[in-house]
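Spelled out from the first residue to the last, the chains are:
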Amino acid sequence: MIRPFTDSTASLGDGATLARNLDRDGYLFLRGVIPREEVMALRRPLLERAAKAGWLKSGSPVELALADSSEACKDPEPRYLEHFRPMWTMEALHRMKHHPKIVGLFERIFGEAVLVHPMFVLRNIFPQTPSFDFTTGSHQDKIHIGGGTSYACWFSLGDCPTSKGGLIVAAGSHKQGVLDFELAPGAGGLEVSEKFEGRWVGGDFKAGDVLIFSDTTVHKALPNKSAELRQSFDARYQRLSDPVAEVSVLPYAGMFTWDEVYAGWQSAEYQYYWQRQGANVVPFDTRYYEKRDAIAFAHAARGDLLARDTLLRIVQRDKNAEKRERASKLLAELDRRYTGKAAD
Ligand SMILES: O=C(O)CCC(=O)C(=O)O
């Protein structure tokens, strides 16, 4: 059962209450933080890109975001990343991270200067079908983000009723540190072992509503049971005085350099801004990824397809050449076994 979010909108201007609620519950649900028209203005070019990628039903109005399920794909598949790439470099999307309403909110909560993580995620989640499911499993961001304590700001690019697969959180789950996890098929590829029955809270999002949660808050998505592509945005924020892991100041998944990202931008205001701010960049703590990868290698050795996305991530992103090669071989074996083809 999912209980409704505790709505903290009435305390939007009161940093002390927001900080107290965030510490108590591990999340804040806030209505109308970003003006609706600004979210909708950002949604339009992203949907146009999705249409160009063939992800939307041809002939249907772009603003309806009706997905073409025969084109369903997901991160980190190469055919997803090919179209994701020009989306992620969009200047307007990066500018949104710095929205004064979001940064102001964190300034009030922290009572000090905020670091906006340069790295953020744009999600394009196709509807769940019998042959496709990319529902994000329950996880904690700390594993992927490292560094000091950071907080996610998640919002949907457009309205997102629960049927369209919005995010839900396990209230109070942030107090137990990093929890044990297993591999999972959804975004992020992991799932915490504890079920948190009776602790889940959620609700419908209107464009402009945001969900804030800490890097140890367990959260997951609901399945996208609508006919639409669910596009959403999640960026991270922390105290400027806290350390930030290198992975959070690099572009998405090592896909490009910042100079490549910035190539078509009009303004330099949000380019390399964390360097001017003097962010305290530290190495990424790889211990959780080492554990994830060991689990994936064991699954792959048993011929379990669940390992595939993690193997792909290792091949695309791991710094260790030997590990990349091992993952690449196992990937090819899995693909031969299940499709009769080599990995794409
Ligand atoms: O949007 C999703 O499905 C996943 C989002 C998420 O896990 C996050 O923002 O950390």
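Below, the structure is looked at part by part. Everything quoted here is computed from the prediction, not taken from an experiment.

Criteria and thresholds
- Residues numbered from 1 in each chain as written.
- Predicted model: local features only at pLDDT ≥ 70, side-chain atom pairs only at ≥ 80, totals over all residues.
- Heavy atoms only, no water.
- Near = heavy atom within 4 Å.
- Polar contact = N/O pair within 3.5 Å; in protein donor to acceptor, adjacent residues only side chain to side chain.
- Areas by Shrake-Rupley, 256 points an atom, 1.4 Å probe, with all protein chains shown as cover.
- Helix = DSSP H or I, 4+ residues; strand = E, 2+ residues; numbered from the N terminus.
- Nonpolar A, V, L, I, M, F, W, Y, C, P; charged D, E, K, R; others polar.
- Axes fitted to C-alpha atoms, helices over the stretch in contact; angles between N-to-C directions.
- Left-handed = near helix turned anticlockwise from the far one by under 90°.
- Contact = heavy atoms within 4.5 Å.
- Pairing = 2+ DSSP bridges.
- Buried < 20%, exposed > 50% of the residue type's maximum accessible area, 1.4 Å probe, protein only.

Let's shift gears to the site of the ligand. Taken together, 13 residues lie near the ligand, and Thr136, His139, His219, Arg230 and Arg236 sit nearest. For the ligand, an oxygen atom lies 2.7 Å from a polar atom in the side chain of Arg230. Taking Arg236, its side chain carries an N or O atom lying 2.8 Å from an oxygen atom of the ligand. Relative to its free-state accessible area of 290 Å², the ligand is covered by the protein chains to the extent of 99%. Of all the secondary structure elements, the ones that give two or more residues to the shell around the ligand are β10 (219-221) and β11 (230-239). Considering only residue class, the shell around the ligand consists of four nonpolar, four polar and five charged.

Let's shift gears to the packing of helix α10 (residues 308-317) against helix α11 (residues 321-339). Closest axis-to-axis distance for the α10/α11 pair is 8 Å, and the angle between their directions is 145°. α11 is crossed by α10, and the crossing has left-handed handedness. On the side of α10, the interface is formed by Arg308, Leu311, Leu312, Ile314 and Val315, while α11 contributes Lys323, Arg324, Ala327, Ser328, Leu330, Leu331, Leu334 and Asp335.

So, about the sheet that holds β10. Overall, mixed pairing links the four strands, which are arranged β1-β8-β5-β10 in an open sheet. Edge strands, defined here as strands with exactly one partner in the open sheet, are β1 (3-4) and β10. Both β1 and strand β8 (residues 200-202) contribute to a ladder of two bridges, which runs parallel. Paired with Pro4 across the two strands is Gly202, which belongs to β8.

Turning next to unusual backbone geometry. In the segment running from Asp75 into Pro76, the intervening peptide bond is cis, with an omega of 5°. Turning to its location among the elements, Pro76 is positioned in the loop between α2 (36-52) and α3 (78-88). Its identity as a non-glycine residue notwithstanding, Ala65 has a phi of 60°, on the positive side. With respect to the helices and strands, Ala65 occurs in the loop between α2 and α3. On the basis of relative accessibility, which here comes to 0%, the residue Ala65 falls in the buried class. We note that Phe196 has phi near 55°; this positive angle belongs to a residue other than glycine. Turning to its location among the elements, Phe196 is positioned in the loop between β7 (190-192) and β8.

Everything listed here is a matter of coordinates, which is why it stays silent on function.
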